[in-house]
Amino acid sequence: MKVEQRATEGRTKTVLSDKDTLLKLYREMLLIRRFEEKTAEMYQAAKIGGFCHLNIGEEATIVGTISALQPKDYVYSTYREHGHALAKGIDARAVMAELFGKETGTSHGRGGSMHLFSQEHRFYGGYAIVGQALPIACGSGYAINYQGTNEVVMSIFGDGATNIGAFHEALNVAKLWHLPIVFVCVNNLYGMGTAVSRASAVTEIWKKACAYDMTGERVDGMDVLAVRRISDQLVAQAREHHEPSLLECVTYRYRGHSMSDPDTYRGKDEIKEWQTRDAILSLGEHMKKEKMLTDDEIQQIDEEVTAQVEDAVKFADESPDPDPKDLYRNVYADEVAS
Amino acid sequence: MAVLAMRDALNQALREEMKRDASVFLLGEDIGLYDGSFKVTRGLMKEFGEKRVLDTPIAEEIIIGTAIGAAMSGLRPVAEMMTVNFIMVAMDQVVNAAAHIRYMFGGGTKVPLVIRTPGGGGHQLGAQHSHSHENWFAHVPGLKVVAPGTPADAKGMLKSAIRDDNPVMFIENEGTYAVKGEVPDGEHLVPLDKNEVKRPGEHITICAHSRMLIVAMDAAAELEKEGISAEIVDMRALRPLDMAPVIESVKKTSRLITVEEGWRSYGVGAEIASRVYEEAFDYLDAPVARIGAAEVPAPYNKKLEKIVFPGKADVIVTAKALLGKN
Ligand SMILES: Cc1ncc(C[n+]2csc(CCOP(=O)(O)OP(=O)(O)O)c2C)c(N)n1
């Protein structure tokens, strides 16, 4: 599928050519890829339970958007959020430990794959209910305005979520109240087994911004530089002018909806076709052509990232389970009896 | 009689009712092309076409709203909510609309609608995917609420629910879909307002529904070995709540345990206990014991989760304690 982008690219001023930035993007995407491959393995080995949704294939969208943020900016995500958490700077150890259900995990083993969280990283959660986090993200946007600070909120969700009422309620008030939010729709063309064309009257999700007189953009979500450029622009628009926007990144998940999805509704050819446009390989090729990266360096980055993931697994495996005596801890802020 | 898994018994009920009555149609997320996320609707789109098996967007409020309007307009919709957790998004439609429309319009219309929805925990799915909310719905006049625990009842009650002229909350449990049992072929109707004794006993009464019925039956088998004879009352009809078999049983055994998968506070067991105190207080030899989930949002960690949801051991320990046999 060829992604028709909106003809607004020319407006972006950011030039993405310095080697350090590109290397950082490359490394982050590869970390997510290797982390998720390991996650699949650990799920099959029953070290990880519950539902488990991977980000493989969507790395450019994740890294391209989140890398445009500052550390104090907020990210709200969904149940498909391991990569988002890593991109926001959460230690791979803490993420893997959460998937293992351990006390050292981001949510102390209480949340699991679908409910990562880090106050420190302003990663304000993975939520397992489709569309649920968008109104909550508006609350952070409101707090920013209220407190007169200048952070930005990024609210990330799938194409399926844009058909639910909460999406429309959130976009409406974000525009009405000038909330500094970038709504990022990760359009991977499917909501579980249902293709976007069977679920949404408007398949070009960016157009839904029109209903709220909001900036709407569409970008090739397999091209990390394109995603980053447009994200820089929309983040600046949120930060400087307190204007929300909707960014649609068209991308693809290489695996099924979750680890338990047999993925019978998509053709093998379709998956293969998307893989020929793999974001990580493309950026590697681009950097090689620009003489910023050699095959040896690619190999070396891979080894480093792989070692980081191995270390995370070891850490998770060796970490303790939560203590049963703490079962009732945190039901309330003040530890009253339930 | 065939031996069927719960999901296949439900599938059979849907198929038979769709064949019998052209006004029956199904709607929900991924119920057609994908065959349903728990495969209850497997093959039905192929057999009946896209008009009668409608794949919807992920939009619970529109699913229930559409179902209500269609029901008021001559159809008999069966809406699937992928899990009970997601029906929260549509609570306004369920409670403020489906349950109340007939009454507030002075009986001018009816809402023959079935909402099928699985719930339950124990699969490490965390706080947003693990709970049982039967009591939320059973609290509301205007809804009928049922929660079968055997494949035969699942088939018979779903067929009755589809033919019923009221909105029926048909509560399933993810942990029961693969459970097998004998299911009568063809026309098999189980009333929506009758609970029944699933296992006769002498010493103690245990009330349970849905997956907890299975847990209670297992516990009873174990208790039997220790000389304790438990009578199990299946509470498949939660609203209207059929208390007759419970009262009768308590008059015989004088001791009662209620078991539910949801939280105990304000729960199904609380209601049953109150009714027993009102109607059979003099027969009780001990306070009613209520078993439910620990009062925390479900944790992901497997060991913690095990502590949270009630199991066979909880029933056994409680039964022995009530009988002074620990
Ligand atoms: C309110 C609600 N309804 C249904 C579900 C079940 N569900 C989980 S993910 C999903 C598909 C979501 O698709 P999309 O928004 O496109 O995101 P993607 O999974 O493709 O990243 C569904 C139907 C849910 N979690 N919450």
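Definitions and limits used
Residues numbered from 1 in each chain as written. Chains lettered and ligands numbered in written order. Predicted model: local features only at pLDDT ≥ 70, side-chain atom pairs only at ≥ 80, totals over all residues. Heavy atoms only, no water. Helix = DSSP H or I, 4+ residues; strand = E, 2+ residues; numbered from the N terminus. Expected span 1.5 Å × (residues − 1). Buried < 20%, exposed > 50% of the residue type's maximum accessible area, 1.4 Å probe, protein only. 1 Å grid on protein atoms, 1.4 Å probe; cavity = no way out; pocket = protein on both sides within 12 Å on 5 of 7 lines; lining within 4 Å. Points joined across faces, edges and corners; volume = space filled by probe spheres on them. Nonpolar A, V, L, I, M, F, W, Y, C, P; charged D, E, K, R; others polar. Pairing = 2+ DSSP bridges. Axes fitted to C-alpha atoms, helices over the stretch in contact; angles between N-to-C directions. Near = heavy atom within 4 Å. Polar contact = N/O pair within 3.5 Å; in protein donor to acceptor, adjacent residues only side chain to side chain. Areas by Shrake-Rupley, 256 points an atom, 1.4 Å probe, with all protein chains shown as cover. Contact = heavy atoms within 4.5 Å. Core = buried A, V, L, I, M, F, W, Y, C linked by side-chain atoms within 4.5 Å.

Okay, helix H8 (residues 224–241) of chain A next. Residue and element names in this part refer to chain A. Over its 18 residues, H8 runs 25 Å from end to end, which matches the ideal 26 Å to within 8%, given 1.5 Å per residue. Across the 18 residues of H8, 14 count as buried, placing the element largely inside the fold. A positive backbone phi angle near 50° is found at His242, which sits one or two residues after H8.

This part is about empty space enclosed by the protein. Residue and element names in this part refer to chain B. Enumeration over the complete set of coordinates arrives at 3 cavities of 30 Å³ or more. Space inside the largest cavity adds up to approximately 50 Å³. What lines the largest cavity is simply Ser132, His133, Glu134, Asn135, His209, Glu260, Glu261, Gly262, Trp263 and Val268. Put simply, the parts of the chain that give the lining of the largest cavity at least two residues each are helix H7 (134–138) and strand E13 (256–263). The biggest single contributor to the lining of the largest cavity is E13, with 4 residues. Grouping the amino acids of the lining of the largest cavity by side-chain chemistry returns 2 nonpolar, 5 polar and 3 charged.

Let us now look at the sheet that holds strand E6 (residues 144–146) of chain B. All names here are of chain B. Spatial strand order, E3-E2-E4-E5-E7-E6-E12: 7 strands in an open sheet with mixed pairing. Edge positions in the open sheet fall to strand E3 (53–55) and strand E12 (237–239), since each of these has one partner strand only. With strand direction ignored, the average angle separating the axes of adjacent strands in the sheet is 20°. Relative to strand E4 (residues 76–80), strand E2 (residues 24–28) runs parallel, the two sharing 5 bridges. Paired with Val24 across the bridge in E4 is Arg76.

It is worth spelling out the site of the ligand at this point. Among the 20 residues in the neighbourhood of the ligand, the closest are listed as Tyr79(A), Arg80(A), Ala128(A), Gly160(A) and Glu60(B). With respect to the ligand, its neighbouring residues span chains A and B. Within the side chain of Asp159(A), a nitrogen or oxygen atom sits 3.1 Å from an oxygen atom of the ligand. Side-chain polar atom of Asn188(A) to an oxygen atom of the ligand: 2.9 Å apart, as the coordinates give it. Contact with the protein chains covers 97% of the free accessible surface of the ligand, which is 590 Å².

A separate point is the layout of surface pockets. The gaps of empty space that remain are located by a probe, the size of a water molecule, rolled over the atoms. Considering only enclosed or pocket space, the second largest pocket measures out at about 620 Å³ in volume. Looking at the second largest pocket, it is lined by 23 residues, and the ones nearest its centre are Ser107(A), Arg110(A), Gly111(A), Asn330(A) and Ala127(B).

All names here are of chain A. In space, the 5 strands of this open sheet follow the order E1-E2-E3-E7-E6, with parallel pairing throughout. The two strands at the open ends of the sheet, each matched to only one other strand, are strand E1 (74–76) and strand E6 (215–220). Shown here is a sheet whose adjacent strand axes are inclined to one another by a mean of 20°, direction ignored. Running over the sheet, helix H6 (residues 165–176) touches strand E2 (153–158), strand E3 (181–187) and strand E7 (245–250) and is turned about 150° from E3. Along the sheet face, H8 touches E2, E3, E6 and E7 and points at about 160° away from the line of E6.

Residues and elements named next belong to chain A. Counting residues in each nonpolar core, the largest one holds 82 residues, and the members touching the most others are Met96 and Met154. Per-element accounting of this core gives the leading share, 10 residues, to helix H1 (residues 19–44). Dropping the residues within four chain positions of it, Met154 is found in contact with Thr65, Ile66, Leu69, Tyr74, Val75, Tyr76, Val182, Val184 and Val235.

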